[in-house]
Each structure stands twice: as structure tokens, then as C-alpha cells.
Amino acid sequence: MGKNILITGAAGFIGSHLVKEMLHFSEDTVYALDDMSGGCLENIEEFSETFSDRFIFQKIDICDYERLYAFIAENAITHIYHLAAIVSVQESMADPLRTGRVNLQGTLNLLEAARQAGAKRVVFSSSAAIYGDEKSMPKNENSPEKPVSPYGYEKMMAERYLKLYSSTYGVETVALRYFNVYGPGQRADSEYSGVISIFDTMLRQGKTPTIYGDGTQYRDFVYVQDVVKANIAAMNTDDISGEVICIGTGRKTTVNDIFATIAKKYGHTQPPKYEPARKGDVYGSLCDNGKMRKLLGLQELVNFEQGVMKI
Ligand SMILES: NC(=O)c1ccc[n+]([C@@H]2O[C@H](COP(=O)([O-])OP(=O)(O)OC[C@H]3O[C@@H](n4cnc5c(N)ncnc54)[C@H](O)[C@@H]3O)[C@@H](O)[C@H]2O)c1
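Residues numbered from 1 in each chain as written. Predicted model: local features only at pLDDT ≥ 70, side-chain atom pairs only at ≥ 80, totals over all residues. Heavy atoms only, no water.

1. Section: the domain arrangement of the chain
Thought 1: On domain assignment, one finds that the chain holds domain 1 (4-180 + 222-247) and domain 2 (183-220 + 251-288 + 299-309).
Thought 2: Counting residues at the interface gives 23 residues for domain 1, matched by 21 residues for domain 2.
Thought 3: Between domain 1 and domain 2, a total of about 1,900 Å² is buried, with carbon and sulfur atoms accounting for 54% of that surface.
Thought 4: Three residues stand out in domain 1 for area buried against domain 2, namely Phe13, Asn180 and Tyr223, and they jointly supply 32% of the buried area on that side.
Thought 5: Our enumeration of links across domain 1 and domain 2 arrives at 0 salt bridges.
Thought 6: There are 6 residue pairs in polar contact (both at pLDDT 80 or more) connecting domain 1 and domain 2.
Thought 7: Class assignment of the residues belonging to the side of domain 1 that touches domain 2 gives a composition of 12 nonpolar, 7 polar and 4 charged. (Domains from an automatic or database assignment. Contact = heavy atoms within 4.5 Å. Buried area = accessible area lost by both parts, 1.4 Å probe. Salt bridge = Lys/Arg side-chain N within 4 Å of Asp/Glu carboxyl O. Polar contact = N/O pair within 3.5 Å; in protein donor to acceptor, adjacent residues only side chain to side chain. Nonpolar A, V, L, I, M, F, W, Y, C, P; charged D, E, K, R; others polar.)

The following block contains the structure:
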């Protein structure tokens, strides 16, 4: 018999990949919610037809505690993947009250609803934005937390609430700190991996993209299916309640690498254009994924060249 699980932010990029995986490879009944502020109905509408008996979607805002609680309690949901968030750093800078309501208060609503309804475990999508531009590299779970945006603070404070709900209220919680997630279905304006989508679109059309700076700035790009695997392992591994786990590949990918990989994909032979670096760009970000490998058992990760071919 499958479980009753909930995925918040289900119409979003990562959420919709997780929904798909759960429907195809588990017997669980998937309850899904999203307020559609950033998500896309096309990401999930096929599931309402193909899996009509095991996929139940409702448009719910996680800021609406009563509806959130009712959805969890009435459907006897025991396991929750919490991905709903306003993911834009820029938006958090412009309107910290709004992003604070969703990313922090909304997460507290979710945890409290889970507690009141007797849910067993919550797996939370956190972010490497917690580190800000702190220079030590690679980052692990003990690296200094120095967020430089409301978004980073909201994720950091949400992680604290998760720890509290684990230690004090007996709701099992796991926070996964993703680095830069990429893959099919990602919006081109994503601040996380937008450069991949932008280069992919331009090079497919035979246009030459611009690289700001010398192109040696780097990120740790993790393929969306590996993030889905990490979520499922975090839900199903015993004795990890209260843990924070960094999710990345441990491999540097520079902007020059991105250009070269995607140019090769489309047989593009022109060199990129270079312009001066933009102010405020973080130079590097890299994950030490030792804890992920040890606790979640994720060993084989999709490499960047393979991942780019799937976009
Ligand atoms: N994409 C990345 O590289 C990355 C990196 C680190 C962390 N994350 C985290 O992973 C999670 C998923 O990110 P994503 O890239 O899929 O982004 P996304 O914007 O595609 O998905 C987020 C979803 O949450 C929904 N949402 C927003 N506010 C809501 C609300 N008040 N109530 C209900 N739903 C709401 C949006 O409509 C959207 O569908 C987020 O929590 C994000 O912070 C993503």
C-alpha cells in the first residue's frame, strides 16, 4: 500500500519532476499544491489525466494556514516534500515582506500544519544562498552562513524552524541545501541556472552569447533528476531527522565550460563575445557533497555534458 504524500510547489520546475517520479515509480497517492504564482499548469496537467486516481492537485497558497491544514489533515498526509517558495533573489530584495511571508511564514505554516495533522516527515528545499558570498570553498554543512539577501535569510531561518520541529515537536525534518539545479522545464529567467537556458536557446538559434568577465567564474550545477533522487532518499532514510544536507556534484563548471559544452551540442564554431564583469556577481560556488553521499547514498550523478544533452 502506498503512502499519502504531499508535494508543495508541484507546478514548479523541480516540483513537477518530483511529481512525475513519484507517480511513475511509487504506489503513493500524490497530493500536490501550488498557488501558480511562479509555476506552470502545463508542467502537471498530463498527470491529472494519466494518473487521475493517484494525483490530486489543488491551488492553495501556503500562506493560507486553514486551507493548508485542511488539505493535509483531511487527506491523512504523512510525508511532505516542501518546495513552494518565491525563488527570486531579486524579488526578495525588492519586496522582503512578500517573500518573507511565503518563504519563512509559509514554511512555518507548513510545519505547524504537519504537526497538528500528525504528519511524520517534512523534506525541505533549502538553498546554498545561505552562504552568500562567503569565500571558503567547497561549502559543506558547517561552512559559515552569511546570506546577503532576504531570500538567503528566509531559507536560513526556515532551516532553524525545521530543526526546532524535529527536536521539540517530533515532526521529522530534513533540509536539503541545493546548489544550482538545472534541467528540462527550467524557466530561462531562473537566477539559478538561467545562463544555461540562455546559452542553450541562443546557440540553438545560431546566435553567439555574451560572457561577462573572463568566463572563469564557476558554479556547481546539479541535474534535476539527481535532486529528485536526493529528496526521495531524504524521505526514506531512517535516523536523519534534524539534518541539513548539501546537494551538489562537487564539480566546478565555469561559464566558459557551459559555453563550450552547449556550443558542441549544436555544432556552433564561433567563439563567445566577452564583456566586462557585472558588479555584484558571485565568483564561485562549489559543494562538498560528502554528507549527501554518505547519508543519502547518492553516488552516481549525471555529469554536466550528459545533463546538457537532455535539456
Ligand atoms: N532551482 C534551483 O537551482 C534551486 C536552488 C536552490 C534551492 N531551490 C529551491 O527549490 C524549490 C523549488 O525551486 P524551483 O527551481 O522548482 O522554482 P519554481 O519557481 O519553479 O517552483 C516554486 C513553486 O512554488 C510555487 N509557489 C510560490 N509561492 C507559493 C505559495 N505562496 N503557495 C504555494 N505555492 C507557491 C510557485 O508557483 C512555483 O510553482 C524552492 O524552494 C527553491 O527555493 C531551487
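Here the narrative resumes.
2. Describing the side chain of aspartate 34
Thought 1: Within the secondary structure, aspartate 34 is located in strand β2 (residues 29-34).
Thought 2: No salt bridge is formed by the buried aspartate 34, whose closest oppositely charged neighbour, lysine 59, lies at an N-O distance of 8.6 Å.
Thought 3: Polar contacts involving the side chain of aspartate 34 include one to the main-chain amide nitrogen of alanine 11, which spans 3.0 Å.
Thought 4: Other than its neighbours up to four places away in sequence, aspartate 34 contacts Gly9, Ala10, Ala11, Gly12, Gly39, Phe57, Gln58, Lys59 and Ile60. (Helix = DSSP H or I, 4+ residues; strand = E, 2+ residues; numbered from the N terminus. Buried < 20%, exposed > 50% of the residue type's maximum accessible area, 1.4 Å probe, protein only. Lys, Arg positive; Asp, Glu negative; His and termini not counted.)

3. Quick notes on the site of the ligand
Thought 1: Around the ligand, a shell composed of 29 residues is seen, among which Phe13, Asp34, Gly38, Asp61 and Tyr151 lie nearest.
Thought 2: For the ligand, a nitrogen atom lies 3.2 Å from a polar atom in the backbone of aspartate 35.
Thought 3: Within the side chain of aspartate 61, one N or O atom sits 2.8 Å away from a nitrogen atom of the ligand.
Thought 4: Protein burial of the ligand: of its 830 Å² of free accessible surface, 96% is covered by the chains. (Near = heavy atom within 4 Å. Areas by Shrake-Rupley, 256 points an atom, 1.4 Å probe, with all protein chains shown as cover.)

4. Concerning the pattern of salt bridges
Thought 1: Here the structure, examined in full by the defined rule, presents 13 salt bridges.
Thought 2: Across the pair arginine 98 and glutamate 91 runs a salt bridge whose closest N-O atoms are separated by 2.1 Å.
Thought 3: In this structure, lysine 120 and glutamate 172 form a salt bridge, with 3.2 Å as the shortest nitrogen-oxygen distance. Highlighted residues: lysine 120 in the loop between α5 (96-117) and β5 (121-127) and glutamate 172 in strand β6 (residues 172-178), separated in sequence by 52 residues.
Thought 4: Classification of lysine 120 by relative accessible area gives partly exposed; the value is 43%.

5. Structural notes on a negative patch on the surface
Thought 1: Where like charges cluster on the molecular surface, the negative patch consists of Glu42, Glu45, Glu46 and Glu49.
Thought 2: Looking at where glutamate 46 falls in the secondary structure, it is placed in helix α2 (residues 45-50).
Thought 3: Taking relative accessible area as the criterion, glutamate 46 reaches 42% and is therefore assigned partly exposed. (Patch = residues over 30% accessible without salt bridge, like charges linked within 9 Å, V, L, I, M, F, W, Y side chains within 5 Å. Charge placed at Lys NZ, Arg CZ, Asp CG, Glu CD.)

6. Quick notes on the sheet that holds strand β11 (residues 243-247)
Thought 1: Spatially, the 7 strands line up as an open sheet ordered β3-β2-β1-β4-β5-β6-β11, and their pairing is parallel. Both outer strands of the open sheet, β3 (55-59) and β11, are each paired with one neighbouring strand and no more. Each strand of the sheet is rotated relative to its neighbour by a mean of 20 degrees, with strand direction disregarded.
Thought 2: With 7 bridges connecting them, β5 and β6 associate as parallel partners. Looking at the pairing, phenylalanine 124 lines up with alanine 175 of β6. (Pairing = 2+ DSSP bridges. Axes fitted to C-alpha atoms, helices over the stretch in contact; angles between N-to-C directions.)

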